[in-house]
Amino acid sequence: MTQPESQDRFQVVFEASPFALVVTRMQDGVTVGVNAALERLLGCSRATVIGKASLDLMPGDEAGRALVAAAMRERRSLHGVEFVHRLRTGEERILSVAVTPIRVGGADHVLTTIDDVTEQRRAQDALKDSEARYRSIVETTAEGVIIGRPDGVILYANQQMADMLGCSVDELVGRSGLDFVFPDWEMKVIENRAALDSGSVLRGEIKLRRKDGSALWTWFSSSAMVDQSGTHVANLTMHTDTTKRRRAEEALRDSEIAKAAQQERNHLARELHDSVTQALFAAALRMEALQRSGEPLSPGVTAALEDVERVNRGALAQMRTMLLELRGEAIEDVPLKLLLRHLAEATQSRARVSVELSTAGEASLPAHVHVATFRIAQEALNNVVRHAHAATAQVKLELASRGLRLIVADDGCGFDPGCAVDPTHLGLVSMRERATEVGGRLGVTSSPG
């Protein structure tokens, strides 16, 4: 290609360039050529700039022009220097300047390229502001936010999400989301990922696993994130803690179940009262009437009647205690002496053990002491029936303002308290624990025979 052809081609490209171009003679720094884009940018004609010093046309402040001048003198390239330039209209534009040494017509020149990057920089600033606002919203929201790869590896989590899971943000990032769900939920999470990959938006409740192993229930919303080419690159999930609501619902459900169970127990108690209790009471009246009839009875019949009366009286006493507990009434609301009398009568009826009850003193007991005393007496008499083979037993209750003393004794076979007790026999252990819980102590005095 000949030199004239090269110059012609350069001139065509020079004029058609969308960037503002200035050609400066290296020898004296005079402008020898500008294109139409420069005229549009600076709002001037070629005639007014050709022949003038290029630095006088250069936008920017003194420091910026000095930087460009140094590059020209040193015959070196300079790229990406940005200046704020005020147009004749008063509007400020951001210009990016590049300086490149060239040869034109066998002489050294400088090609200065001026690119208006105002809109680009504004878009970048707007994007930064948007990202800053988004980050501010994400970091301050009450929702937990997680961004994860399609395979579940966590790329980002906000502090709220970390707090909800009881760990730090650093402990979340880089981990698999499956590390924070219970095993029975893993398949559901995998199914959700597949649905997100197909473009679905998911909402629902999920059970997560906190760092300490406890359950975290959340309401979640998940959507896929795609890049400019439409490729699925991540999933965005927001979590709202619903653990308190879930527990409240479970408590309500348990309460309703307990209420239904209590209603069933009340129904059973009414049935027992109206049938079994009335039958026992009627039998007691008939035996009493038979004994008072004045008709001569044989010793055997008399003994049988007395035995039946004893059993019947004990059954009635046991039924009264059973009905009390079936109805859910508080044991502490029933006088302790009455509870012990029912207990003694019930024991006599079922075991042919004569139980003597004696009480002394009056005192108002705390509820937990009241209940513990009754349960200890109940367990002690159960032991008499099961293990002592006794004919008689005594229950003594002594009440005072400073405390109480309960004594249960029998004339049975006895045992050695120092010997190891069969671990399946928990009576003594239970009594000792109950006594300790109310600030008392259990003493056992016995010996074989």
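Quantities reported herein were computed from a predicted structural model and do not represent experimental measurements.

When you go through the chain residue by residue, the secondary structure sums to 13 helices and 13 strands. Relative to its 449 residues, the chain shows a buried fraction of 33%. Restricting the contact set of the chain to residue pairs at least 6 apart, pairs at least 24 apart contribute 49%. Accessible surface, the chain as shown: approximately 26700 Å² in total, 54% of it carbon and sulfur.

A few words on the side chain of Thr243. Of note, Thr243 is situated in helix α9 (residues 243–291). Classification of Thr243 by relative accessible area gives buried; the value is 4%. Side chain to side chain, Thr243 and Asp241 meet in a polar contact 2.7 Å long. Leaving out residues up to four positions away in the same chain, Thr243 has contacts with Arg210, Ala215, Leu216 and Trp217.

Our next topic: the sheet that holds strand β9 (residues 215–226). Taken in spatial order, the five strands of this open sheet run β7-β6-β10-β9-β8, and their pairing is antiparallel. The sheet terminates laterally at β7 (154–157) and β8 (202–209), the two strands that pair on one side only. On average, each strand axis in the sheet is tilted by 30 degrees relative to the strand beside it, whichever way the strands run.

In an α-helix there are 3.6 residues to a turn, and that puts residues three or four apart on one side. Among all positions of helix α13 (residues 427–437), only Gly427, Met431 and Ala435 are buried. Buried residues of α13 fall within an arc of 65 degrees about the axis and therefore sit on the same side. Within α13, the exposed residues directed more than 90 degrees away from the buried face are Thr436 and Glu437. Considering only its buried residues, α13 is in contact with α12 (367–388). Gly439 occupies a position one or two residues after α13 and carries a positive phi of about 80 degrees.

Close approach of charged atoms allows side chains with opposite charge to pair. According to the stated counting rule, one finds 19 salt bridges in the structure shown. We note a salt bridge from Asp116 to Arg93, for which the minimum N-O separation is 3.0 Å. Placement of Asp116 in strand β5 (residues 107–116) and of Arg93 in strand β4 (residues 92–104) is noted, with a sequence separation of 23 residues between them. Judged by relative accessible area, which is 31%, Asp116 ranks as partly exposed. A residue is classified by how much of its surface remains accessible, and Arg93, at 12% relative accessible area, is buried. Salt bridges here are not isolated pairs; linked through shared partners, they connect Glu91, Arg93, Asp116, Glu119 and Arg122.

With respect to topology, three strands assemble into an open sheet ordered β11-β12-β13, the strand pairing being mixed. Where the open sheet ends on each side, the last strands, each with one partner, are β11 (354–360) and β13 (403–410). With strand direction ignored, the average angle separating the axes of adjacent strands in the sheet is 10 degrees. Pairing of strand β12 (residues 392–400) with β13, which is carried by eight bridges, proceeds in the antiparallel orientation. Of the residues in β13, the one forming a bridge with Glu398 is Arg405. α12 rests against β12 and β13 of the sheet, and its axis sits at about 10 degrees to β13.

Cut-offs and rules
Going along each chain's sequence as written, the residues are numbered from 1 onward. Only residues with pLDDT of at least 70 get local features here, since the model is predicted, and only at 80 or more are side-chain atom pairs given and counted; chain-wide, interface and lining totals rely on the full set of residues. The basis for every side-chain value is the complete set of non-hydrogen atoms in the structure, without hydrogens or water. The helix and strand labels rest on DSSP assignments: H or I over at least four residues marks a helix, E over at least two residues marks a strand, and numbering proceeds from the N terminus. Each residue is placed in one exposure class: buried if its accessible area under a 1.4 Å probe, protein chains only, is under 20% of its type's maximum, exposed if it is over 50%, and partly exposed if it falls in between. Residue contacts are defined here by distance: any two heavy atoms, one from each residue, within 4.5 Å place the two residues in contact. Only the protein chains shown count as cover for residues, and all accessible areas are computed by the Shrake-Rupley method using a 1.4 Å probe. The term polar contact refers here to a pair of N or O atoms within 3.5 Å; inside protein, the definition further demands a hydrogen-donor-capable atom paired with an acceptor-capable atom, and it admits residues adjacent in sequence only when both atoms are side-chain atoms. Pairing between two strands requires that DSSP report at least two bridges joining them. An axis is simply a line fitted to the C-alpha atoms; with a helix, the fit covers only the stretch in contact. Between two such axes, the angle follows the N-to-C directions and lies from 0 to 180 degrees. Read the arc as the range of directions from the helix axis to the C-beta atoms. In the sections that follow, a salt bridge refers to a side-chain nitrogen of Lys or Arg positioned within 4 Å of a carboxyl oxygen of Asp or Glu.

Keep in mind that these numbers describe shape and distance, not what the molecule does.
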